[in-house]
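Understanding the architecture of this molecule
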Amino acid sequence: MDYDTYGSNAVELAIDLANADRDADPGWADAFLRAHDEWFTIETPLELSPAEARRAAATADLVRAVAVAATQDEVIARLNELLALARPHPYATDHDGELHLHYARPDAPALEQLTTTVAMGLSQVVAQHGWQRLGVCSAEGCDDVYVDTSRNASRRYCSNTCASRSTVAAYRARRKT
Ligand SMILES: [Zn+2]
Ligand SMILES: [Zn+2]
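Conventions adopted
Residues numbered from 1 in each chain as written. Chains lettered and ligands numbered in written order. Predicted model: local features only at pLDDT ≥ 70, side-chain atom pairs only at ≥ 80, totals over all residues. Heavy atoms only, no water. Donors = N, O, S within 2.8 Å, 3.2 Å for Na, K, Ca; no water. Tetrahedral: all angles 85-135°; square planar, octahedral: opposite > 155°, others 65-115°. Core = buried A, V, L, I, M, F, W, Y, C linked by side-chain atoms within 4.5 Å. Buried < 20%, exposed > 50% of the residue type's maximum accessible area, 1.4 Å probe, protein only. Helix = DSSP H or I, 4+ residues; strand = E, 2+ residues; numbered from the N terminus. Contact = heavy atoms within 4.5 Å. Salt bridge = Lys/Arg side-chain N within 4 Å of Asp/Glu carboxyl O. Polar contact = N/O pair within 3.5 Å; in protein donor to acceptor, adjacent residues only side chain to side chain. Pairing = 2+ DSSP bridges. Phe/Tyr/Trp six-rings, centres within 6.5 Å; stacked < 30°, edge-to-face > 60°. Lys NZ or Arg CZ within 6 Å of the ring centre and 35° of its normal.

As annotated in an unreviewed UniProt entry, the protein chain carries the name Putative RNA-binding Zn ribbon-like protein and is attributed to Geodermatophilus tzadiensis.

What follows is the structure, encoded as structure tokens:
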């Protein structure tokens, strides 16, 4: 499957948002925007008010809810909640040399750009490739969500780190018995 387009890459922004560590840092939202500044138009102030940060957290919770949903009905319900927060205003651009679409109007505030890009990116991947492509890491002690871009949809872990940690743990467990 082809993940080389903006729309499909946008799902990574959604996944990163769902996995952001919000407990450790009260300024997590601004830190998240700064770490993902390539998703925002240049002039966008990357600062959220406390109320906006709470809305970003609610968006993160909805992305997670889509990823952990067990039925298609639940996926559709959560996706529609997420899409209701979006203000899509697509436009074509070639700012990086490749003609592609952006989902949020370029002069929208940071929260609107974030919510819209996350909602549209996640929905597009789910609609095109199926909601089973989203999952929660199987490694012990990790509950990060992921999108499975592997050819045979066989992914079980959020990262290579978690995959190898689990392989080592399984090996040790086998040796003990
Ligand atoms: Zn772009
Ligand atoms: Zn993990």
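This part takes up the coordination of the zinc ion (ligand 2). Taken together, the protein donors to the zinc ion (ligand 2) comprise Cys137 (SG), Cys142 (SG), Cys158 (SG) and Cys162 (SG), at separations of 2.3 Å. Classification of the site at the zinc ion (ligand 2) as tetrahedral follows from its four donor atoms and the range of 108 to 113° in their angles at the metal. Mapping the donors of the zinc ion (ligand 2) onto the primary sequence gives the spacing C-x4-C-x15-C-x3-C.

All right, on to the nonpolar core then. Inside soluble globular proteins, nonpolar side chains tend to come together where they are buried. Formed by 41 residues in total, the largest nonpolar core has its most connected members in Leu33, Leu114, Leu122 and Leu134. Mapped by element, the contributors of at least two residues to this core are α1 (6-19), α2 (28-35), α3 (50-68), α4 (72-85), α5 (110-129) and β4 (145-147). Among residues more than four places away in sequence, those in contact with Leu122 are Val11, Ala14, Val63, Val66, Leu79, Leu82 and Leu134. One finds Cys137, Ala139, Tyr157 and Cys158 within the second-largest nonpolar core, a separate group that totals six residues.

Turning to the pattern of salt bridges, a few remarks are in order. Under the defined criterion, the tally for this structure stands at four salt bridges. Taking the shortest distance from any N to any O, the salt bridge between Glu81 and Arg78 comes out at 2.8 Å. Placement of both Glu81 and Arg78 in helix α4 is noted, with a separation of three residues, approximately one turn of the helix. In this structure, Arg105 and Asp107 form a salt bridge, with 3.1 Å as the shortest nitrogen-oxygen distance. Arg105 sits in the partly exposed class, given a relative accessible area of 27%. The network of salt bridges with common partners includes Arg105, Asp107 and Glu112.

With that out of the way, let us pick up the coordination of the zinc ion (ligand 1). Protein coordination at the zinc ion (ligand 1): the donors are His95 (NE2), His100 (NE2) and His102 (NE2), at 2.0 to 2.2 Å from the metal. Linear spacing of the donor residues for the zinc ion (ligand 1) on their chain is H-x4-H-x1-H. His95 sits in the exposed class, given a relative accessible area of 54%.

Glancing now at the side chain of Ser166. Summarising the element assignment, Ser166 is placed in helix α6 (residues 160-176). Look at Ser166 and you get buried, because its relative accessible area is 15%. At a separation of 2.9 Å, a polar atom in the side chain of Ser166 contacts the main-chain carbonyl oxygen of Cys162. Aside from chain neighbours lying at most four places away, what touches Ser166 is Ala139 and Tyr157.

The next point concerns the pairing of strand β1 (residues 88-93). Direction of pairing for β1 relative to strand β2 (residues 100-104): antiparallel, over a ladder of four bridges. Considered in β2, the bridge of Thr93 is made with His100. What sits between the antiparallel neighbours β1 and β2 is a turn of six residues, in which Gly97 has the positive phi angle 100°.

The next thing to look at is the packing of aromatic side chains. One pass over the full model with this rule turns up zero aromatic pairs. When the ring centre of Trp28 is taken as origin, the NZ or CZ atom of Arg22, which lies over that ring, is 5.8 Å away.

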